[in-house]
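# Observations on chain architecture
The residues making up each chain are set out below.
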Amino acid sequence: MVTVTMKLTSRVQHLGCLLALCFLAQVLWDIPGVWALDNGLAMTPTMGWLHWERFMCNTDCKEEPDSCISEKLFMQMADLMDSDGWKEVGYEYLCIDDCWMAAQRDSKGRLQADPIRFPSGIRHLANYVHSKGLKLGIYADVGKKTCAGFPGSFGYYDIDAETFADWGVDLLKFDGCYCDSVEQLADGMFHSRDLAMSKENFEAKPNYTEIRQYCNHWRNSGDVYDSWQSVKSILEWTSSNQKTIVSAAGPGGWNDPDMLVIGNFGLSWDQQITQMALWAIMAAPLLMSNDLRHISLQAKMLLQNKDVIAINQDPLGKQGYLLRKEDNFEVWERPLSSLAWAVAMVNLQEIGGPRSYTINIASLGQGVACNPACFITELLPTKTKLGFYEWTSCLKTRINPTGTVLLLLGRSQTFKKLP
Ligand code: GLA
């Protein structure tokens, strides 16, 4: 469907290993001198499913036929994304992470899928995924090996780009393990268009202007685990670094705090609400890593909440930030189109029951959100119209431990819904 030419460019040399874990949406351009990843993709944060957190590197299809990394797993997820309302609310990319490959390249140096676990091959899988109206993402590594030890793309950038294009892959998660030095990467990065690209980036002072030229989203923090500790530490990292990272986000390029683990085992209901609300405030890619075959109705309703997704996908494309932290409460806010604002109030206290928090309306939305008045709707935990609030008034909320109240502040009662 798409022709990918992988362009090797010395301009990217110095990005080197920093470009680990860049999601790039497929198909390249070969227009020299055009350096923004202006591929028209990810104008709002990417939405989809990615296998890593839930299924990791399970290659044992004999013992665990239902949860090993195999074409069957992805076909089942594609079926469900299509049939169970996921695609309808925007989850579009079905993404393969590490461990899909055979241990060796083929005789022509091309990557190949593990023949036992992917007997029909990736091209067939891409066709299948496309037939469901979805897009397929794949994983590769800038260095000599992937993080799990499968063949890396170093020395094979062209051939791998061609292979992915040939297969009809739509997104590449480009990881950065086993990348010994910047020199090692001499000529190396995909220079592509239409390939959603993600990156992992642990250097002290990343140059986001540069990163945006190659990636549609990039990781800044460590891997998300299925735990409150992990979600909390990602939020902490984000707020501590917001001065640098918030302005880097915008249509075409987003900070990626990693996968949504909602629907798994480690987060309480309130913590799942917090992850969904804050990923919306952060304009984060919404890449679920869960088992769509076995997911509670409650988690599904949360992940498919159209009002919250509309905040995440707001066309203004401005990432939110931590406004205030006091008494173990955090107040985050995000400017939205049509002069609306989203506000999330998190109760971080892990002892005791629900606590009340009162906020001056005038302090929200840089003093303008509710000037002279605004209509406030609680979106999470329960959708409730709270009514009109004047600039001089206060709003009292009650928030469960580790939970979040997500509010929408609008000029009127209506808020633009998803198309
Ligand atoms: C790194 C990435 C993860 C995942 C694994 C795969 O740890 O951060 O998201 O892709 O590699 O091995």
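Throughout what follows, the structure given in this document is the object of discussion.

Rules and cut-offs
- Residues numbered from 1 in each chain as written.
- Predicted model: local features only at pLDDT ≥ 70, side-chain atom pairs only at ≥ 80, totals over all residues.
- Heavy atoms only, no water.
- Helix = DSSP H or I, 4+ residues; strand = E, 2+ residues; numbered from the N terminus.
- Buried < 20%, exposed > 50% of the residue type's maximum accessible area, 1.4 Å probe, protein only.
- Contact = heavy atoms within 4.5 Å.
- Axes fitted to C-alpha atoms, helices over the stretch in contact; angles between N-to-C directions.
- Parallel < 35°, antiparallel > 145°, perpendicular 65-115°, else oblique.
- Left-handed = near helix turned anticlockwise from the far one by under 90°.
- Nonpolar A, V, L, I, M, F, W, Y, C, P; charged D, E, K, R; others polar.
- Expected span 1.5 Å × (residues − 1).
- 1 Å grid on protein atoms, 1.4 Å probe; cavity = no way out; pocket = protein on both sides within 12 Å on 5 of 7 lines; lining within 4 Å.
- Points joined across faces, edges and corners; volume = space filled by probe spheres on them.
- Disulfide = S-S within 2.5 Å.
- Core = buried A, V, L, I, M, F, W, Y, C linked by side-chain atoms within 4.5 Å.
- Domains from an automatic or database assignment.
- Pairing = 2+ DSSP bridges.
- Salt bridge = Lys/Arg side-chain N within 4 Å of Asp/Glu carboxyl O.

### Quick notes on the overall build of the chain
From N to C terminus, the chain includes 11 helices and 17 strands. Going through the 419 residues of the chain one by one, you find that 60% of them count as buried. In the chain, 73% of the contacts between residues at least 6 apart in sequence involve partners at least 24 apart.

### Let's talk about the packing of helix H7 (residues 228–240) against helix H9 (residues 269–281)
When two helices pack together, their arrangement is given by the angle between the helix axes and the distance between those axes. Between H7 and H9, the least distance of the axes is 11 Å, while the angle of their chain directions is 25°. As far as their axial angle goes, H9 and H7 are roughly parallel. By crossing handedness, the relation of H7 to H9 is classed as left-handed. Contacts between H7 and H9 involve Trp228, Val231, Ile234 and Leu235 on the former and, on the latter, Gln271, Thr274, Gln275, Leu278 and Trp279. Residues of the contact of H7 with H9, tallied by class, amount to six nonpolar, three polar and no charged.

### Quick notes on H7
Note: α-helices contain 3.6 residues per turn, so residues at a spacing of three or four share the same orientation. Between its first and last C-alpha, H7 extends 18 Å over 13 residues, near the 18 Å set by a 1.5 Å rise per residue. Buried residues belonging to H7 abut helix H8 (242–245), H9, strand S10 (321–326) and strand S11 (329–335).

### Re the environment of serine 239
Relative to the helices and strands, serine 239 is located in helix H7. A relative accessible area of 16% means that serine 239 is categorised as buried. Separated by 43 residues in the primary sequence, serine 239 and methionine 282 have C-alpha atoms spaced 9.9 Å apart. With residues near it in sequence (within four places) discarded, serine 239 still touches Leu322 and Trp332.

### Comments concerning empty space enclosed by the protein
One pass over the structure, following the stated rule, counts two cavities of 30 Å³ or more. When its volume is computed, the largest cavity comes out at roughly 60 Å³. If you go around the largest cavity, the residues you meet are Asn220, Ser221, Ile234, Trp237, Thr238, Ile245, Asn255, Asp256, Pro257, Met282 and Gln319. Among the elements of the structure, H7 and strand S8 (254–256) are those that each provide at least two residues to the lining of the largest cavity.

### Details of the environment of lysine 396
Note on placement: lysine 396 falls in strand S16 (residues 394–399). Discounting chain neighbours no more than four positions away, the residues touching lysine 396 are Ser356, Tyr357 and Thr358.

### As for the state of the cysteines
Per the counting criterion, the structure on display carries four disulfides. Here cysteine 57 connects covalently by a disulfide to cysteine 99, the sulfurs 2.0 Å from one another. Where cysteine 57 bonds to cysteine 99 through sulfur, the torsion about that S-S bond is close to -110°, and the disulfide is left-handed. Here cysteine 99 lies in the loop between strand S3 (93–95) and helix H4 (121–131) and cysteine 57 lies in the loop between helix H1 (52–55) and helix H2 (71–83), a separation of 42 residues in the sequence. With relative accessibility at 1%, the residue cysteine 99 sits in the buried group.

### Some words on the nonpolar core
Of all hydrophobic cores here, the largest spans 98 residues; its most connected members are Trp49, Tyr91, Trp100, Ile122, Met276 and Trp279. The residue makeup of this core includes at least three contributed by each of domain 1 (47–313) and domain 2 (321–410). Beyond its immediate chain neighbours, meaning those up to four positions away, tryptophan 100 contacts Ile69, Leu111, Gln112, Ala113, Asp114, Arg117, Phe118, Ile122, Ile138, Tyr139, Phe164 and Trp167. One finds Val331, Ile359, Tyr389 and Ile399 within the second-largest nonpolar core, a separate group that totals 21 residues.

### Quick notes on the sheet that holds strand S14 (residues 373–380)
Taken together, the six strands give an open sheet; going across it, the order is S10-S11-S12-S17-S14-S15, and neighbouring strands pair in antiparallel fashion. In this open sheet, the two strands that pair with only one neighbour each are S10 and strand S15 (384–390). Neighbour-to-neighbour, the strand axes of this sheet turn through a mean angle of 25°, independent of strand direction. With six bridges joining them, S14 and S15 adopt antiparallel strand pairing. Within S15, the residue paired with threonine 377 across the bridge is lysine 385.

### Things to note about unusual backbone geometry
Residue proline 372 follows asparagine 371 across a cis peptide bond; omega there is 5°. The linkage connecting leucine 380 with the following residue, proline 381, adopts the cis geometry, with an omega of 0°. Structurally, proline 381 is set in the loop between S14 and S15. In the Ramachandran plot, alanine 283 falls in the positive-phi region, its phi being about 50° despite a non-glycine side chain. Residue position: alanine 283 is located in the loop between H9 and strand S9 (286–288). Residue asparagine 328 is not a glycine yet carries a positive backbone phi of 65°. Here asparagine 328 lies in the loop between S10 and S11.

### Re the pattern of salt bridges
One pass over the full model with this rule turns up 16 salt bridges. Two residues, lysine 383 and aspartate 307, come together in a salt bridge whose shortest N-O distance is 3.0 Å. Taken together, the positions of lysine 383 in the loop between S14 and S15 and aspartate 307 in helix H11 (residues 306–312) put the pair 76 residues apart, joining distant regions of the chain. The closest approach of N and O atoms between arginine 355 and aspartate 327, which form a salt bridge, is 3.5 Å. Taken as a pair, arginine 355 in strand S13 (residues 355–360) and aspartate 327 in the loop between S10 and S11 lie far apart in primary sequence, 28 residues in all. On the accessibility criterion, arginine 355 (15% relative accessible area) is buried. Taking relative accessible area as the criterion, aspartate 327 reaches 56% and is therefore assigned exposed. What emerges from the salt-bridge pattern is a single network uniting Arg219, Asp223 and Asp258.

As far as function goes, none of this settles anything; it's purely spatial.
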